[in-house]
Amino acid sequence: MIKLKPARDKSLRRHHPWIFSGAVASVSGKPKAGDTVDVVSADGKPLARAAYSPESQIRARVWSFDAAREVDAAFFRERVTRALALRESLPAAKHSNALRLVHGESDGLPGLIVDRYADVLVAQFLAAGVERWRDPILDALAELSGCEAIYERSDAETRKLEGLKPKIGFVRGNRNATRCPIIEHGLNFRVDVEQGQKTGFFLDQRENRQRVRTLAAGREVLDGFSYTGGFAIAALAGGAKRVCAIESSRDAIEIARENLAANPLDASKVEFIAADVFAHLRKLRDQGAHFDLVVLDPPKFAPTAAQAKNAARAYKDINLLAFKLLRPGGLLATFSCSGGVDAALFQSIVAGAALDAGAEAKIVERFGAAADHPVALEFPEGEYLKGLLVLKT
Ligand code: SAH
């Protein structure tokens, strides 16, 4: 049992699922990592049942705010059933066979991420609680999704914070999974679930790639941080005049080229450049290059607020260069997936970049993550991806 310090039960009463070590007055019963514990307030009132994680600053993650709730295989089956039902109801389920099926805390399964790539699931167990229940969870996923193969990518840094070692490999079924073919809005992509970044593909950007596709006709497009070509190929499919895609990972570019070839598009219009975006944008500026649509989708510069200052400098740098490269009337689709930079801060960084570039610009649309990445209202941390569509006038 975990007893909280006086007045440290506020966030739990709002149903936020995290219990930080600093809020814990005492732990009784010698629970081990992943064990289910009762959580009570300082005056002994039952508040929740949670998974105990002795090594993490997030000392426990709540399974249920019903203090009498049994946490067993049936509990996980029910949570997985609910998560899958939500995805089946989404419009994306009709045009894409790659979806996020479980989005951690927001699906009532703290620390669990599951992405579906056609008939292969990729699972990440990122907290002690879901690690403890991995077998019932995997059984429920296999049975309810109908996917026979499940690949584990529990190699994210956050696992270390939970005192867990990395784990990768097939946990159900087996097959070659370095090029899982998926379809997104009618476009073909190959996903390397074994070596690719995260679980292999950035599903959160699905609808934003589609939006960029509808904006690309006749435009010269720059795709910065292009990974396996998601935005570049969407832009080409939307009728872009030409696309310049910049990405530092040669492995990602190799797949990007395969993705381009897997679609009935004029591949000669796309140039993939293996380079650092910061340096290459400067080079393009110095060459006097110009574009009509620029996409910037960098990696997480600030995982937490502690890195926000350095991240802000990096975001400002690339956005400033993008404004210089844009022709008047051009569009900038600019993103941040940093948890440590919120939407208001990101907007002010982009505003500062426009100002310093001497550009007049307006926000014409805002972007977020696709609906298969829901955000539980009581868990605002679940909202990490934000983006702006900015028109340079
Ligand atoms: N837009 C992509 C996802 C981008 S993820 C999509 O829709 O699929 C961010 C990418 O930036 C990663 O592929 C990473 O390899 C790349 N990257 C990180 N730092 C970079 C840098 N300094 N220059 C170029 N690419 C970089």
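Fair warning: this is a prediction, and the values are worked out from it, not measured in the lab.

J.: So what's going on with the overall build of the protein? Which residues, and what values?
T.: Each helix and strand in the protein was counted, giving 12 helices and 20 strands. Against the 2.2 N^0.38 benchmark of 21 Å for 393 residues, the protein shows a C-alpha radius of gyration of 22 Å, consistent with a compact globule. Viewed in the frame of its principal axes, the protein has a C-alpha envelope of about 70 × 45 × 35 Å. Residues classed as buried in the protein amount to 54% of the 393 residues present.

J.: Summarise the sheet that holds strand β11 (residues 167-172); cite the residues concerned and give the values.
T.: Spatial strand order, β7-β8-β9-β10-β11: five strands in an open sheet with mixed pairing. Edge positions in the sheet fall to β7 (98-103) and β11, since each of these pairs with one other strand and no more. Recorded for the sheet is a direction-independent mean angle of 20 degrees between the axes of neighbouring strands. Relative to strand β9 (residues 120-125), strand β8 (residues 112-117) is paired through six bridges, and the arrangement is antiparallel. Paired with D115 across the strands is V122, a residue of β9.

J.: Please give an account of the site of the ligand that cites residues and values.
T.: Lining the immediate environment of the ligand, one finds 16 residues, of which R209, E247, D276, V277 and D297 sit closest. Here a nitrogen atom of the ligand sits 3.4 Å away from a polar atom, N or O, in the main chain of F225. Between the ligand and V277 there is a distance of 2.9 Å, counted from a nitrogen atom to a backbone nitrogen or oxygen. Compared with its free state, where it exposes 580 Å², the ligand has 90% of that area covered by protein. The residue inventory of the shell around the ligand, partitioned by class, reads eight nonpolar, four polar and four charged.

About the thresholds
Residues numbered from 1 in each chain as written. Predicted model: local features only at pLDDT ≥ 70, side-chain atom pairs only at ≥ 80, totals over all residues. Heavy atoms only, no water. Helix = DSSP H or I, 4+ residues; strand = E, 2+ residues; numbered from the N terminus. Rg over C-alpha atoms; globule rule 2.2 N^0.38 Å. Buried < 20%, exposed > 50% of the residue type's maximum accessible area, 1.4 Å probe, protein only. Pairing = 2+ DSSP bridges. Axes fitted to C-alpha atoms, helices over the stretch in contact; angles between N-to-C directions. Near = heavy atom within 4 Å. Polar contact = N/O pair within 3.5 Å; in protein donor to acceptor, adjacent residues only side chain to side chain. Areas by Shrake-Rupley, 256 points an atom, 1.4 Å probe, with all protein chains shown as cover. Nonpolar A, V, L, I, M, F, W, Y, C, P; charged D, E, K, R; others polar.

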